[in-house]
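# Fold and geometry: a report
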Amino acid sequence: MKEQIWQQILEVRKRTPLVHNITNYVVMNNTANALLAAGASPVMAHAHPEIQDMVGIAGALVINIGTLDEYWVKSMELAAAKANELGKPWVLDPVGAGATSYRNEVIKTLLALRPAVIRGNASEIISVAGSYTGVTKGVDSLHESKDAISSSMNLTSQTGSVICISGAEDIVIQELKTAKLSNGHPLMARVTGLGCTASALTGAFVAINPEDPFLASVSAMALLGIAGELAAQKAVGPGSLQLYLLDELYNLSEEVFMKRVRIEESNEG
Amino acid sequence: MKEQIWQQILEVRKRTPLVHNITNYVVMNNTANALLAAGASPVMAHAHPEIQDMVGIAGALVINIGTLDEYWVKSMELAAAKANELGKPWVLDPVGAGATSYRNEVIKTLLALRPAVIRGNASEIISVAGSYTGVTKGVDSLHESKDAISSSMNLTSQTGSVICISGAEDIVIQELKTAKLSNGHPLMARVTGLGCTASALTGAFVAINPEDPFLASVSAMALLGIAGELAAQKAVGPGSLQLYLLDELYNLSEEVFMKRVRIEESNEG
Amino acid sequence: MKEQIWQQILEVRKRTPLVHNITNYVVMNNTANALLAAGASPVMAHAHPEIQDMVGIAGALVINIGTLDEYWVKSMELAAAKANELGKPWVLDPVGAGATSYRNEVIKTLLALRPAVIRGNASEIISVAGSYTGVTKGVDSLHESKDAISSSMNLTSQTGSVICISGAEDIVIQELKTAKLSNGHPLMARVTGLGCTASALTGAFVAINPEDPFLASVSAMALLGIAGELAAQKAVGPGSLQLYLLDELYNLSEEVFMKRVRIEESNEG
């Protein structure tokens with residue numbers, strides 16, 4: 001699988017897919033820069049009169065509910081529906097799932113619009129799986145990635161979406177396939193929006209390979225995890241980590257990738 | 001007081017308070033990163049259907065009017081009212097006070113919702129004190145921190161809020177208590193949003209110590225000032241300063257803190 | 001002309017013009033920091049109840065449609081009309097021109113409000129010139145700066161605006177005057193919002209010299225291009241480039257400027 005992932009990274013660099021992001025204010029700059037550093041082309045747009053046209057020219061859509069409000073939720077619905085109509089893949093990042101009942105309702109509506117991938121931290125994924133059946137959790141619940149595996153199993157079988165749980169260990173699940181990645185560094189949690197960056201990069205990979213959102217998710221997590229651990233080696237704190245991460249996304253070579261990537265697959269199907 | 005401040009810094013790192021920010025678009029990323037670097041946990045949310053729920057799970061609220069509009073002003077009002085109802089402290093950052101009559105009206109409304117702390121530069125504080133009694137100033141008036149002391153005295157006695165004037169010298173005033181801090185570096189003024197960062201950090205400190213907003217304000221200014229001057233020593237310009245500042249917030253040790261902190265207290269009560 | 005440009009750079013540093021930006025969420029932080037690093041004073045404001053007051057106190061206005069929506073478009077119209085009324089110059093950055101018909105309509109409306117300068121990449125400028133006569137292009141069309149010269153000739157003669165095409169080569173056109181600048185570095189294209197930064201800096205220069213938007217545009221492109229190539233020499237990727245760029249904007253000296261600036265003028269009038 002490692003060679004396959006590296007090929008995906010090269011394809012993004014070669015094809016510069018246009019990724020349409022409807023994302024939160026906090027991370028827009030980071031995620032645009034991460035997409036550019038990885039070789040993709042970001043566009044941010046949310047206006048109702050143009051949102052469907054923008055989905056039409058993009059290769060994939062990323063919806064992140066971090067700083068949602070009524071207008072933006074409508075944008076998200078219009079965009080996801082259009083993506084479905086056009087057969088384009090979209091990625092859901094359910095930021096803060098479980099924190100408020102409004103977020104849970106919005107997530108429910110968006111789940112019905114069939115995301116190709118749902119990426120969140122363990123607490124968010126557990127909450128999304130719960131909100132799907134009417135049970136919600138608070139934002140402060142802290143879980144390890146493995147705590148969200150059974151929730152993810154339910155969620156993938158109910159929705160057909162690939163579920164990507166990010167954390168110290170990243171776990172990607174689709175139906176009976178699972179991949180576990182153990183790249184990355186704890187300091188990454190002290191930089192805002194690296195989860196959102198993971199979702200944005202997933203959008204780039206799913207744009208070039210809409211048939212295989214599992215591989216797309218794994219590729220995004222591998223690329224970000226390795227860039228993050230390389231950046232952490234040089235960084236003296238979260239400020240320099242954020243900066244070096246972009247440099248590493250841009251410069252990552254096959255040799256370093258192959259030496260670094262730590263992935264375990266299983267298929268119980 | 002220095003030992004007390006250092007204890008507050010350690011408490012933030014230990015307790016990772018959730019700070020709810022309703023802030024401006026320009027600085028959202030910076031302030032989120034500064035809170036994370038200092039050990040706190042930021043959340044940005046403004047949607048009317050969830051704003052009260054979010055205040056409910058946060059330890060403190062920070063309201064910054066930098067890029068206000070009608071929807072956001074309503075969010076601010078709902079959130080501040082809820083904070084009062086729940087007895088949670090909130091911090092007001094009156095960005096651009098005096099620049100337009102709309103800002104002055106909004107500030108008046110927010111002052112009535114009893115912020116625990118009001119933090120601004122000297123011109124903003126003078127304007128807030130003035131708008132409170134119906135007199136306004138323009139945005140271009142430039143003052144030193146000490147020029148705002150008498151305005152702050154009026155403002156603290158009228159509102160009961162702690163007033164924090166930031167600048168080359170930072171002055172914190174509550175009723176008859178005053179603290180003057182002389183950390184920081186002139187280059188900090190060339191990085192956008194470091195005042196907003198000061199307000200966000202004040203939110204973290206007031207979250208762990210809602211009984212003492214004076215100590216919380218002083219702690220935030222000491223931490224930011226020292227991190228800023230350490231960053232300026234390494235920086236070659238405002239770009240690298242912004243980056244190193246986050247590293248220094250994260251890495252600051254007791255030894256360096258104690259050696260660096262410059263604070264003078266007085267109590268005329 | 002080189003001496004004239006350097007004088008403009010010094011004037012911005014000396015007079016710290018207030019530049020009012022109605023810009024997109026992705027780049028607000030960058031453009032504010034670039035303005036501060038160059039010596040100007042940024043303000044971001046879009047609320048209808050204050051937008052005209054803010055134009056009143058600013059030296060120039062910059063309108064960037066990157067993340068437009070109905071509310072913001074109204075803000076832009078109110079602000080540009082007020083700038084005209086007050087005789088203040090404004091800069092239009094038609095981000096994503098041609099990508100959607102909504103953008104094209106908005107651009108048409110804004111063109112009627114007579115921007116002093118229109119700055120975009122070659123594809124955007126070609127699209128703006130086209131939308132002006134009813135023909136539009138898609139966002140993915142890639143052109144070199146020189147491909148947009150004849151469009152720019154039409155656009156400047158129809159609108160009276162200075163047209164600034166940015167790219168590997170930057171070309172500034174007003175009526176029969178042309179300047180070509182060949183500073184900059186390819187890595188700059190991998191950092192989000194450097195075009196938007198060019199527009200923001202143009203706002204600073206046109207604020208101190210509203211009589212000569214041609215010189216203002218050339219000055220902005222020269223400053224940014226040289227700062228960018230200096231930053232690229234030190235950078236190891238787009239993350240460090242973004243950082244060093246701010247340092248170089250702040251530190252640029254006359255000696256380095258004079259040695260680096262590469263500009264060709266022609267006047268066919």
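What counts and what doesn't
Residues numbered from 1 in each chain as written. Chains lettered and ligands numbered in written order. Predicted model: local features only at pLDDT ≥ 70, side-chain atom pairs only at ≥ 80, totals over all residues. Heavy atoms only, no water. Helix = DSSP H or I, 4+ residues; strand = E, 2+ residues; numbered from the N terminus. Rg over C-alpha atoms; globule rule 2.2 N^0.38 Å. Buried < 20%, exposed > 50% of the residue type's maximum accessible area, 1.4 Å probe, protein only. Areas by Shrake-Rupley, 256 points an atom, 1.4 Å probe, with all protein chains shown as cover. Lys, Arg positive; Asp, Glu negative; His and termini not counted. Charge placed at Lys NZ, Arg CZ, Asp CG, Glu CD. Contact = heavy atoms within 4.5 Å. Salt bridge = Lys/Arg side-chain N within 4 Å of Asp/Glu carboxyl O. Polar contact = N/O pair within 3.5 Å; in protein donor to acceptor, adjacent residues only side chain to side chain. Least-squares fit on C-alpha atoms with pLDDT ≥ 70 in both. Pairing = 2+ DSSP bridges. Axes fitted to C-alpha atoms, helices over the stretch in contact; angles between N-to-C directions. Phe/Tyr/Trp six-rings, centres within 6.5 Å; stacked < 30°, edge-to-face > 60°. Buried area = accessible area lost by both parts, 1.4 Å probe. Nonpolar A, V, L, I, M, F, W, Y, C, P; charged D, E, K, R; others polar. 1 Å grid on protein atoms, 1.4 Å probe; cavity = no way out; pocket = protein on both sides within 12 Å on 5 of 7 lines; lining within 4 Å. Points joined across faces, edges and corners; volume = space filled by probe spheres on them. Parallel < 35°, antiparallel > 145°, perpendicular 65-115°, else oblique. Disulfide = S-S within 2.5 Å. Arc of directions from axis to C-beta.

## A closer look at the overall build of chain A
Of regular secondary structure, chain A possesses 11 helices and nine strands. The C-alpha radius of gyration computed for chain A amounts to 17 Å, which stays within 12% of the reference 18 Å derived for 269 residues, consistent with globular compactness. The buried share of chain A, taken over its 269 residues, is 64%. Surface accessibility of chain A: about 9000 Å² in total, with carbon and sulfur atoms responsible for 48%. Once the 20 positive and 27 negative side-chain charges of chain A are each reduced to a mean point, those two points are 2 Å apart.

## Some details on the interface of chain B and chain A
Facing the 26 residues of chain B at the interface are 28 residues of chain A. Scanning the region where chain B abuts chain A turns up one salt bridge. B:Glu50 is the partner of A:Arg103 in a salt bridge, and the nearest nitrogen-oxygen pair spans 2.7 Å. Where chain B touches chain A, the interface holds 12 residue pairs in polar contact (both at pLDDT 80 or more).

## Digging into the relation of the copies chain C and chain A
For the pair chain C and chain A, the superposition axis carries a translation of 0.0 Å, the fit reaches an RMSD of 0.0 Å, and the rotation angle comes to 120 degrees. This pairing of chains is accounted for by a three-fold axis. Distance from the rotation axis, computed per C-alpha, reaches its smallest value in chain C at C:Tyr25: 3.8 Å. An overlap of only 7% is found between the interface residues of chain C and their copies at the interface of chain A, pointing to separate contact surfaces.

## Focus: the environment of B:Thr109
By secondary structure assignment, the location of B:Thr109 is in helix α5 (residues 101-111). What makes B:Thr109 partly exposed here is its relative accessible area of 34%.

## What to know about the sheet that holds strand β6 (residues 162-166) of chain B
Residues and elements named next belong to chain B. Pairing within the open sheet is mixed, and its nine strands lie in the order β2-β1-β3-β4-β5-β6-β7-β8-β9. Edge strands, defined here as strands with exactly one partner in the open sheet, are β2 (41-44) and β9 (263-267). Across the sheet, the mean angle from the axis of one strand to that of its neighbour is 20 degrees, orientation sign disregarded. Relative to strand β4 (residues 90-93), strand β3 (residues 60-64) is paired through four bridges, and the arrangement is parallel. Of the residues in β4, the one forming a bridge with Val-62 is Val-91.

## Quick look at the pairing of strand β2 (residues 41-44) of chain A
In this structure, strand β1 (residues 18-22) of chain A lies alongside β2(A), joined through four bridges in parallel fashion. Residue pairing for β2(A): A:His20 is matched across the bridge by A:Val43.

## Looking at the packing of aromatic side chains
All names here are of chain A. Enumeration over the complete set of coordinates arrives at 12 aromatic pairs over all chains. The interplanar angle of 35 degrees and the centroid separation of 5.3 Å between the aromatic rings of Trp-6 and Phe-257 together place this pair among those described as tilted. With Trp-6 in helix α1 (residues 2-15) and Phe-257 in helix α11 (residues 254-260), this residue pair connects regions lying 251 residues apart in the sequence. Each member of the pair Trp-6 and Phe-257 is classed as buried.

## Describing the interface of chain C and chain A
Taken together, the contacts link 28 residues of chain C with 26 residues of chain A. Carbon and sulfur atoms make up 59% of the surface buried where chain C meets chain A, a total of about 2200 Å² over both sides. By the criterion of area lost to chain A, the three top residues of chain C are C:Tyr25, C:Val26 and C:Arg190, representing 25% of everything that side buries. Along the contact surface separating chain C from chain A lie one salt bridge. On inspection of chain C and its partner chain A, the count reaches 12 residue pairs in polar contact (both at pLDDT 80 or more). Put simply, the parts of the chain that give the side of chain C that touches chain A at least two residues each are α5 (101-111) and α10 (238-251) of chain C. When residues in the side of chain C that touches chain A are grouped by element, the largest group, five residues, is from α10(C). Residue composition of the side of chain C that touches chain A, grouped by class: 13 nonpolar, 10 polar and five charged.

## Observations concerning empty space enclosed by the protein
Within the structure shown, the criterion is met by three cavities of 30 Å³ or more. Reported here for the largest cavity is a volume of approximately 580 Å³. Taken together, 34 residues make up the lining of the largest cavity; nearest its centre are A:Asn29, A:Gln242, B:Asn29, B:Gln242 and C:Gln242. For the lining of the largest cavity, the class distribution of residues is 16 nonpolar, 18 polar and no charged. By volume, the second largest cavity amounts to about 70 Å³. As for the second largest cavity, its lining consists of A:Tyr25, A:Val26, A:Met28, A:Asn29, B:Tyr25, B:Val26, B:Met28, B:Asn29, C:Tyr25, C:Val26, C:Met28 and C:Asn29.

## Description of the packing of helix α10 (residues 238-251) of chain B against α10(C)
Packing of α10(B) against α10(C) brings their axes to within 6 Å, and their N-to-C directions diverge by 135 degrees. In terms of orientation, α10(B) and α10(C) fall into the oblique class. Residues B:Pro238, B:Gly239, B:Ser240 and B:Leu243 of α10(B) form the contact with α10(C), whose participating residues are C:Leu243, C:Leu246, C:Asp247 and C:Tyr250. Tallied by class, the residues present in the contact of α10(B) with α10(C) amount to five nonpolar, two polar and one charged.

## Notes on the state of the cysteines
Inspection of the entire model under this criterion finds zero disulfides over all chains. We note that A:Cys164 lacks a disulfide partner, and the nearest cysteine sulfur, in A:Cys196, lies 13 Å from it.

## Structural notes on the side chain of B:His20
With respect to the helices and strands, B:His20 occurs in strand β1 (residues 18-22). Setting aside chain neighbours within four positions, we find B:His20 in contact with B:Val43, B:Ala45, B:Ile51, B:Met54, B:Val55, B:Ala58, B:Ala60, B:Leu61 and B:Val62.

## Describing the sheet that holds strand β4 (residues 90-93) of chain A
Residues and elements named next belong to chain A. Overall, mixed pairing links the nine strands, which are arranged β2-β1-β3-β4-β5-β6-β7-β8-β9 in an open sheet. Only two strands of the sheet have a single partner each, and these edge strands are β2 and β9 (263-267). Averaged over all pairs of adjacent strands, the angle between strand axes in this sheet comes to 20 degrees, irrespective of strand direction. Relative to strand β3 (residues 60-64), helix α4 (residues 70-86) is tilted by about 150 degrees, and along the sheet it contacts β1, β3 and β4.

## A look at helix α7 (residues 149-159) of chain C
Residues and elements named next belong to chain C. Inspection of α7 places Ser-151, Ser-152, Leu-155, Thr-156 and Thr-159 among the buried residues, and these make up the whole buried set. What you see down the axis of α7 is that its buried residues fit within an arc of 125 degrees, all on one side. Facing away from the buried side of α7 by over 90 degrees, the exposed positions are Ser-150 and Ser-157. Two residues or fewer past α7, Gly-160 is found with a positive phi of approximately 80 degrees.

So yeah, pure geometry; function would need other evidence.
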